[in-house]
Amino acid sequence: MRVRRKCEKPVRLRYLPLLIVALTLVLSAPGHAQTQRAASPAPTATPAPPATVVRIHADHIEFYYDRYLIEASGHVQVQASNGMTLSGDAFSMDLKLNRFLVASHVHLRSRGGNLDGAAIADFLDFDRIYFVPVITKPDRWTYENGDYTNPLKGRQMPGDVFYFPDVSNTSVSLSAKSATIEAKKFVRFTGVHAYFLHQGVPLPSYYVYFGLSQNLAQNSLSGANVDATWNMIGNANSVTALHARYDAFNQAYLGFEQHLGGNGPHEYAVFSINPLTKDDKYWNLVTGEHIGSKFEISTFTQLYTYQQGFSDPSASAQTTYVTLTQALNRSYLQAYFNQTNYNMIGPKTAASPNHPNSLQLSANSYNDQIFKTPLYFQTSFGLGFNHDAYGLQEYGGTLYTTIWNQSVGVTVSLPNVKIGDREKPYALYYVNASINSSRTWNSVPHHINAQNTTISLSRQISKFVNSYLAYNIQNTSDLYLQGGYEPSAPLLPDGTPYTPFESFRGAATQRTLALGTTYTASPNLVTTVTFGHHDDFPAAYPGLFAPPPTNAIGQYTYTNYLGQPPWQLNTEVRVRIEPHLVLDVQRTYFFHFGNEIWSPTFVIQLSG
Amino acid sequence: MIRMRHRLGSLLCMLILVAAAAPVTITGQLLAYQDGFVFFTTGDGFRLAPNVAILDDQTKQPAKREPAPRDYARAVFNDAGQVVEIDLAEKPYAVGPLPDNVQAFAVTASSPYPNPELAGPPQTTSNGVDETFSGKLVLVKFEVQVPPTTPINAQIFITTDQSGWNPQAIQMQRIDALHFVVVRQMASGTILHYLYTRGTLQTEETGPNGLSLRPRALSVKDSDTNSSNSIVASWADANANNILQQPSVFPTPYNPAPFPNLPNGVKTPHP
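Here the structure is a predicted model, which means the values were calculated and not measured.

1. Section: the overall build of chain A
The secondary structure content of chain A amounts to 2 helices and 34 strands. Taken over the C-alpha atoms alone, chain A extends approximately 100 × 85 × 50 Å along its principal axes. Considering chain A as a whole, with its 608 residues, one finds that 49% of them fall into the buried category. Sequence-distant contacts, at least 24 apart, represent 47% of the contacts inside chain A between residues at least 6 apart. A gap of 5 Å separates the mean positions of the 41 positive and 41 negative side-chain charges of chain A.

Below, the structure written as structure tokens:
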């Protein structure tokens, strides 16, 4: 019989997904409560409030995503949350302009009674309804501020009140049987056919957010080559999405994401499981909150589990980042906390028991102009610590479990100095330069100097072509109180020592010369070619340095690293293949640096 | 000479008579066809003659269906101002205000009177020209200056309310060490809300005080080109020393050395 101590009890994650799914479904439901108000107007004589929710049923509803237009025809029924109901033959709504039109055989039911007419247009932003009633003959009535009992008869109307938008050059994004629209927020369709490359995919529902806040768009998923998102349900503060994804590492899989967003700035929470259908699962939670006018908090938590389906995981780890920002007068303070647990299962697994944490406090100035010169500068100061009870670093016979640090940094920049004839834009050169320098002192007796210098010369050669030449030097020195990195000659893949490395004492220099040219044939087709030359110390040697890990879509997770191939040619083509779909293809040629001829894979991305 | 003048005068009179005899017509888009009236999208309703003919505009043969909303059509009037013929067209007709002679045929129960809400002076551009928003596609150029600490190989995007706040909606091209640019076609009248990102909303721009920003706004005007020049003060993932955090894989071991990929065998110092 297996005896388990209390502290070794594995984390029970089996029921967590069910709990979260139930919670998200409950949170996603309130949209119904808002639309129910439309069916039961309050029996008072006061003017009706402006409609905020509009529900449409029709034989055929079409949505044009790139223009945020809804066009409907055939047995159109419209219910508005202020109690007005309409029927007619045709419907048109511009979601961004926040106005809709019902035309042909219109029947209006409102507090003013039942009326028939030829067309009615509701300008929701202005609380104005323009109506063409047909009693014995046509007329023009305007309802102001929800007062349906006293129409302004004969008052002139704006010229385009009853115009249908021209959609002849626009593709339908989806068709539906009904739609619920909350003004300036979202539209939720049911009975949907979503069109991708003109092929319809049946879906029970689809949700589109078109509000001005980015809170509901906060994303907690990692990158993928292809991501087809089905926003299943949602309302003004919640979206539930299923992602059909593909990347070279995981192949095809599903991801689940739940968004919650507040009405204020930076108020959001996003939860995701990705990949949902693989044994390796990442459970992410991203939150943000703006407290008062000068304080903000952001968090990111990731739980990793290795489990078949939702069975007990055989491996699990967790990390959490918390960032606090306090704005001051022409500066700001930031606290940055991280806690990582490499083993959430217990001693029965072989995973590392380390659970490091760190806290960094920093003060940053604005990027201020130096008197009236074209130069700008910015300073930062920081202090913090890293801690791990199992030890962070051994030095001088001591195992350090806590390492304190202090840092100071300054950035000076020279943006956009023009050289040449200012009357001729295609003959004008621009010079930009910046230098960023910092030093970090550690309680382990060493300090790290980092300096990053960039200067560039650029020119718009023609309407379609611009080009730049940039030179970047990145110096990093890890300087110990006693000695530096020990002289050593690492072995090359063929077993011989690489002697040029013997002079390395912890100071590295990376020099990058880049020549980039962009050809913009049209706004929908852009080609960029970048030629780069690296001259680094320690010098690169094929196969000697470990390349950075790649992310799921084949990109290196960091792009400035020792051992970069000295010559590189990167080509990227971006083409818009649909109004809301861009295809991006890029690859790098390494000029036969050892076995490296091309970057590991083509990086292909479809994005909206 | 006098005879010549008489002849020219007679010719002119004949032309006027022919022109006067030509039926009055209008073209436009239909709003409704009901209750003995046809309505155009100007909102004007015209009475139908009892024997109104519904024709195909191209073939002039009887149309196979009734006029419907969104149809483009030509209406032919008789002297009494009634519509005697409606020609349904496949191709779009220009939609605009009615000519004065047709406006008189529009049937309305109430006498029209001015709307004070529409009486304001037209908006003008800085050059004093009337500002209009016709909806035509115009070029919009976005240029942004990024913080000096932005990596030389960073990618910059624009996220907008027009693309559901997709953080990679519009990719920009680098034009020098600190500037990126992109040109897009947009309909005039578009009010665009947008922010700059480095590919995710966790790497979106922040204000000079480190706090998240409300989206920028741009109203796209009818001029041939519109442009927006912006400066990004900082990125949301800039850390204590204002140096961007290196992206890393999970889990991330604490590494006291700043060189993450030194070859095997390179030793850190020992006192």
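What follows continues from the structure just given.
2. Structural notes on the overall build of chain B
When helices and strands are tallied, chain B shows 2 helices and 15 strands. A burial count over chain B gives 48% of its 271 residues as buried. Long-range contacts, defined here as pairs at least 24 residues apart, represent 64% of the contacts in chain B between residues at least 6 apart. When the accessible surface of chain B is totalled, it reaches about 13500 Å², and 56% of it is carbon and sulfur.

3. Structural notes on the sheet that holds strand S6 (residues 128-133) of chain A
Residues and elements named next belong to chain A. Strands sit in the order S8-S7-S6-S5-S4-S3-S2-S1-S9-S10-S11 across an open sheet of 11 strands; the sheet is antiparallel. The strands lining the two open edges of the sheet, one partner per strand, are strand S8 (152-153) and strand S11 (199-209). In terms of strand pairing, S6 meets strand S7 (residues 141-144) through 4 bridges, oriented antiparallel. Opposite Arg128, over in S7, you have Glu144 as the bridge partner.

4. Some words on unusual backbone geometry
Residue and element names in this part refer to chain A. Put simply, Asn274 and Pro275 share a cis peptide bond, and its omega is -5°. Tracing the backbone shows Pro275 in the loop between strand S15 (268-274) and strand S16 (280-291). Here Phe537 and Pro538 are connected by a cis peptide whose omega angle stands at -5°. Of note, Pro538 is situated in the loop between strand S30 (525-537) and strand S31 (567-578).

5. Side note on the side chain of Gln339(A)
Residues and elements named next belong to chain A. Topologically, Gln339 is positioned in strand S19 (residues 331-341). For Gln339, the side chain forms a polar contact with the side chain of Asn341, separated by 3.4 Å. Excluding residues that lie within four positions of it along the chain, Gln339 makes contacts with Gln318, Thr319, Thr320, His355, Pro356 and Asn357.

6. What about the pattern of salt bridges?
Within this structure, the stated rule accounts for 21 salt bridges over all chains. Between Arg155(A) and Glu117(B) there is a salt bridge, with its nearest N and O atoms 3.4 Å apart. Taken together, the residues Arg155(A) in the loop between S8 and strand S9 (174-182) and Glu117(B) in the loop between helix H2 (100-103) and strand S6 (137-145) connect one chain to another. For Arg155(A), a relative accessible area of 5% gives the class buried. In this structure Glu117(B) comes out as partly exposed when scored by relative accessible area, which is 40%.

7. Examining the interface of chain A and chain B
Listed per partner, the contact involves 141 residues of chain A and 104 residues of chain B. Interface of chain A and chain B: buried area, both sides summed, is about 10000 Å²; carbon and sulfur atoms make up 55% of it. Our enumeration of links across chain A and chain B arrives at 5 salt bridges. Residues Arg140(A) and Asp44(B) are paired through a salt bridge, measuring 3.2 Å at the closest nitrogen-oxygen approach. Linking chain A with chain B are 31 residue pairs in polar contact (both at pLDDT 80 or more), by the criterion used here. It is strand S25 (residues 402-419) of chain A that contributes the most residues to the side of chain A that touches chain B, 8 residues altogether. Here the side of chain A that touches chain B is composed, by residue class, of 60 nonpolar, 63 polar and 18 charged.

8. Remarks on the nonpolar core
One recurring pattern in soluble globular proteins is that nonpolar side chains are buried together. Membership of the largest hydrophobic core comes to 42 residues, with the highest contact counts inside it found for Ile56(A), Ile70(A), Phe91(A), Phe100(A) and Phe189(A). By size, the runner-up hydrophobic cluster in this structure holds 20 residues, among which are Val138(B), Val140(B), Tyr194(B) and Trp235(B).

9. Section: the packing of aromatic side chains
Residue and element names in this part refer to chain A. The full count for this structure, using the stated rule, is 35 aromatic pairs over all chains. Clustering of aromatic rings is evident, with ring pairs tying together Tyr395, Tyr480, Tyr485, Phe501, Phe504, Phe537 and Phe545. The positively charged end of Lys96 is found above the aromatic ring belonging to Tyr68, 4.9 Å away from the centroid. A cation over an aromatic ring shows up here: Arg587 above the ring of Phe602, its NZ or CZ 4.6 Å from the ring centre.

10. What to know about the sheet that holds strand S1 (residues 24-34) of chain B
Residue and element names in this part refer to chain B. One closed barrel accounts for 5 strands, arranged S1-S2-S3-S5-S4; its pairing is mixed. Direction aside, the axes of adjacent strands within the sheet are offset by 60° on average. As defined by bridge partners, strand S4 (residues 72-77) adjoins strand S5 (residues 83-89) across 6 bridges and the pair is classed as antiparallel. Across the sheet, the residue bridging to Arg74 is Asp87, located in S5.

11. Here we look at the confidence of the model for chain B
As a general rule, the predicted coordinates of low-pLDDT regions are not to be interpreted in detail. All names here are of chain B. Here chain B averages 82 in pLDDT, and 80% of its residues register 70 or above. Per-residue pLDDT, averaged within each element of chain B, yields its smallest value for helix H1 (residues 2-21) (59) and its largest for strand S2 (residues 37-40) (96). Predicted confidence for residues 240-255 stays below pLDDT 50, and this span has 47 contacts to residues more than four positions away or in other chains. The ipTM, which scores confidence in the relative placement of chains, is 0.80 for this predicted complex, and the corresponding pTM is 0.80.

12. With respect to the environment of Phe337(A)
Residues and elements named next belong to chain A. Mapping Phe337 onto the fold places it in strand S19. Along the backbone, Phe337 and Ser272 are 65 residues apart, and their C-alpha atoms lie at a distance of 22 Å. The residues touching Phe337, leaving out its near neighbours within four places in the chain, are Thr320, Tyr321, Val322, Asn357, Ser358 and Leu359.

13. Regarding a nonpolar patch on the surface
Residues and elements named next belong to chain A. On the surface, Ile419, Tyr429, Ile455, Leu457, Leu469, Tyr471, Leu513 and Leu515 cluster together into a nonpolar patch covering about 650 Å² of accessible area. Only strand S27 (446-460), strand S28 (465-480) and strand S29 (507-522) provide two or more residues apiece to the nonpolar patch. For Leu515, the location among the structural elements is in strand S29.

14. Some thoughts on the confidence of the model for chain A
A residue-level look at chain A finds 91% of positions with pLDDT of 70 or above and a mean pLDDT of 86. Across residues 1-45 of chain A, confidence stays below pLDDT 50; counting only partners more than four residues off in sequence or on other chains, it has 53 contacts.

15. Description of the side chain of Gln302(A)
Along the chain, the position of Gln302(A) falls in strand S17 (residues 295-306). Within the structure, the side chain of Gln302(A) is placed 3.1 Å from the side chain of Asn284(A), a separation counted as a polar contact.

16. Here's the deal with the pairing of S28(A)
All names here are of chain A. As judged from the 15 bridges shared by S27 and S28, these two strands associate in the antiparallel manner. By the bridge assignment for S28, Gln460 is matched with Asn466. Hairpin connection between S27 and S28: a loop of 4 residues separates the two successive antiparallel strands. By the bridge criterion, 13 bridges tie S28 to S29 in an arrangement that is antiparallel. Across the sheet, Thr476 pairs through a bridge with Ala508, a residue of S29.

17. Focus: the environment of Gly223(A)
Residue and element names in this part refer to chain A. Structurally, Gly223 can be placed in the loop between S11 and strand S12 (226-235). For Gly223, a relative accessible area of 41% puts it in the partly exposed group. Distance in space between the C-alpha atoms of Gly223 and Gln605 is 9.3 Å, their sequence separation being 382 residues.

The rules we used
- Residues numbered from 1 in each chain as written.
- Chains lettered and ligands numbered in written order.
- Predicted model: local features only at pLDDT ≥ 70, side-chain atom pairs only at ≥ 80, totals over all residues.
- Heavy atoms only, no water.
- Helix = DSSP H or I, 4+ residues; strand = E, 2+ residues; numbered from the N terminus.
- Buried < 20%, exposed > 50% of the residue type's maximum accessible area, 1.4 Å probe, protein only.
- Contact = heavy atoms within 4.5 Å.
- Lys, Arg positive; Asp, Glu negative; His and termini not counted.
- Charge placed at Lys NZ, Arg CZ, Asp CG, Glu CD.
- Areas by Shrake-Rupley, 256 points an atom, 1.4 Å probe, with all protein chains shown as cover.
- Pairing = 2+ DSSP bridges.
- Polar contact = N/O pair within 3.5 Å; in protein donor to acceptor, adjacent residues only side chain to side chain.
- Salt bridge = Lys/Arg side-chain N within 4 Å of Asp/Glu carboxyl O.
- Buried area = accessible area lost by both parts, 1.4 Å probe.
- Nonpolar A, V, L, I, M, F, W, Y, C, P; charged D, E, K, R; others polar.
- Core = buried A, V, L, I, M, F, W, Y, C linked by side-chain atoms within 4.5 Å.
- Phe/Tyr/Trp six-rings, centres within 6.5 Å; stacked < 30°, edge-to-face > 60°.
- Lys NZ or Arg CZ within 6 Å of the ring centre and 35° of its normal.
- Axes fitted to C-alpha atoms, helices over the stretch in contact; angles between N-to-C directions.
- pLDDT = per-residue confidence, 0-100.
- Patch = residues over 30% accessible without salt bridge, like charges linked within 9 Å, V, L, I, M, F, W, Y side chains within 5 Å.

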